[in-house]
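Examining the three-dimensional arrangement
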Amino acid sequence: MRWGRALMWAGAGSLLLALAAAGTLCLTSGCTSIGYLAQSAGGHLGLLASARPVSEVIADPATPETLKQRLALTQRMRDYAVSELGLPDNRSYRAYADIHRAAAVWNVVAAPELSLQLKTWCFPVVGCVSYRGYFDQAAAEAYAATLPPEGWETSVYAVPAYSTLGFSDWLGGDPLLSSFIQWPEGELARLIFHELSHQVAYAEGDTVFNESYATAVERLGGARWLAERASAEAREQYQRFDQRRRELRALTQATRDRLDALYRGPGSEADKRAGKAAEMARLRDEHERLKRERWDGYNGFDAYIARSNNASLGVQAAYHAWVPAFEALFAREGRDFRRFHAAVQQLAGQPRDQREAALRALQP
């Protein structure tokens, strides 16, 4: 199940600065963050070191023809992102890396037993985020295992791609990865547009704003790509998948809304635990009904539903909470991507309370 991608909150240069700051802090406050930052910097630099220019990979006789075709498709998408969607024209997604694993990183998210509010982690220089990304799955799961004794529910999920906000352009930019290169055309376009949008506007410490904006760009840009550049077959393939995804999202949104009302309500903790158990059972039952009545038995979301908890439901909200507001802003700006990006940049520069008030006013 893919709800979205990760925002790796700094590029290599900023991570090195963060490591230096963390080393200084070790003198007075311990070294709890320096190991995490080191694996982030090392993992990203290792990924960059394995990347080759797309033109070189395509020209290599050893490259499979199917991969050559996919890489050529990404370059058309990359050009389209610049010319039609107003996204950055830089070195990102002009190189390709075979990372020999299923995901770029694995994210750890956590939430309390009776709340959907995600835990946040703060680091020197790079600020606060609501997840921790690991380049090694075992390390992510090991860290997640330390949180339940402190009262947190956790979720570890694979992330196929991430953004370094443009900071690593001097090192070659964010590369295309083997973890997503064979995705269906519609999903591939959306991913590239999503990640590039993180280089346009970024509000420090506001994961929901950043991810909702990128999700809005991927939806709007992906729909335009499919309508203007994709084949009828690609459009049909995407529509089948997206219909299921939208129905599942509606189901989980309804579950989150009921759980949030339950957690904020006046009942005792025992009552809330019982109500939570009933809601999670209802979620599983409704998912089975969708599979049976709407999806012809499609089981691609089974693992996500089986692992659903406050943390996984909370992180889904981070990617979608403000999407309707951003779509309304896009319409207000005449459906012009450059004007839209400029308006979002203005919002990102405002204090958080003002930014959220503006988004609430836009929210349908």
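These remarks concern the structure in this document. Note that the structure is a prediction, hence the values are computed from the model and not measured.

Moving on, we come to the overall build of the protein. The secondary structure content of the protein amounts to 14 helices and 10 strands. Looking at the protein as shown, the accessible area adds up to about 15600 Å², and 52% of this sits on carbon and sulfur atoms.

Right, let's talk about the pairing of strand 4 (residues 105-112) for a bit. Summarising burial for strand 4: seven of the eight residues are buried, a large majority. Where strand 4 meets strand 8 (residues 152-159), eight bridges bridge the pair, whose relative direction is antiparallel. Its bridge partner lying in strand 8, Trp-106 is registered against Ala-158. Of the pairings in the sheet, the one linking strand 4 to strand 7 (residues 132-134) comprises three bridges and is antiparallel in character.

With 12 residues, helix 13 (residues 337-348) extends 16 Å between its outermost C-alpha atoms, agreeing within 8% with the 16 Å of an ideal straight helix rising 1.5 Å per residue. Listing the buried residues of helix 13 in full gives Phe-337, Phe-340, His-341, Ala-343, Val-344, Leu-347 and Ala-348. Looking straight down helix 13, one finds that the buried residues subtend no more than 160 degrees of arc, so they occupy a single side. Against helix 7 (207-228), helix 12 (323-332) and helix 14 (352-362) lie the buried residues of helix 13. The backbone nitrogen of Arg-338 lies 3.0 Å from a side-chain oxygen of the residue at the head of helix 13, namely Asp-336.

Moving on, we get to the sheet that holds strand 10 (residues 176-177). In spatial order, the strands read 2-3-10; together these three strands make up an open sheet with mixed pairing. Edge positions in the sheet fall to strand 2 (52-53) and strand 10, since each has one partner strand and no second. Note: strand 3 (residues 95-97) against strand 10, two bridges, orientation parallel. Bridged to Ala-97 within strand 10 is Leu-177.

Ranked by size, the top nonpolar core spans 67 residues in total, and within it Ile-192, Phe-193, Trp-225, Phe-326 and Phe-340 carry the most contacts. With seven residues, helix 7 is the single largest residue contributor to this core. Ignoring anything within four residues of it in the chain, the contact list for Phe-326 reads Phe-209, Ser-212, Tyr-213, Ala-216, Phe-340, Val-344 and Leu-359.

Below, the discussion takes up the environment of Trp-170. Mapped onto the secondary structure, Trp-170 falls in the loop between strand 9 (162-163) and strand 10. Each C-alpha atom, one on Trp-170 and one on Asn-90, is 9.7 Å from the other, the two residues being 80 residues apart in sequence.

Basis of the calculations
- Residues numbered from 1 in each chain as written.
- Predicted model: local features only at pLDDT ≥ 70, side-chain atom pairs only at ≥ 80, totals over all residues.
- Heavy atoms only, no water.
- Helix = DSSP H or I, 4+ residues; strand = E, 2+ residues; numbered from the N terminus.
- Areas by Shrake-Rupley, 256 points an atom, 1.4 Å probe, with all protein chains shown as cover.
- Buried < 20%, exposed > 50% of the residue type's maximum accessible area, 1.4 Å probe, protein only.
- Pairing = 2+ DSSP bridges.
- Expected span 1.5 Å × (residues − 1).
- Arc of directions from axis to C-beta.
- Contact = heavy atoms within 4.5 Å.
- Polar contact = N/O pair within 3.5 Å; in protein donor to acceptor, adjacent residues only side chain to side chain.
- Core = buried A, V, L, I, M, F, W, Y, C linked by side-chain atoms within 4.5 Å.

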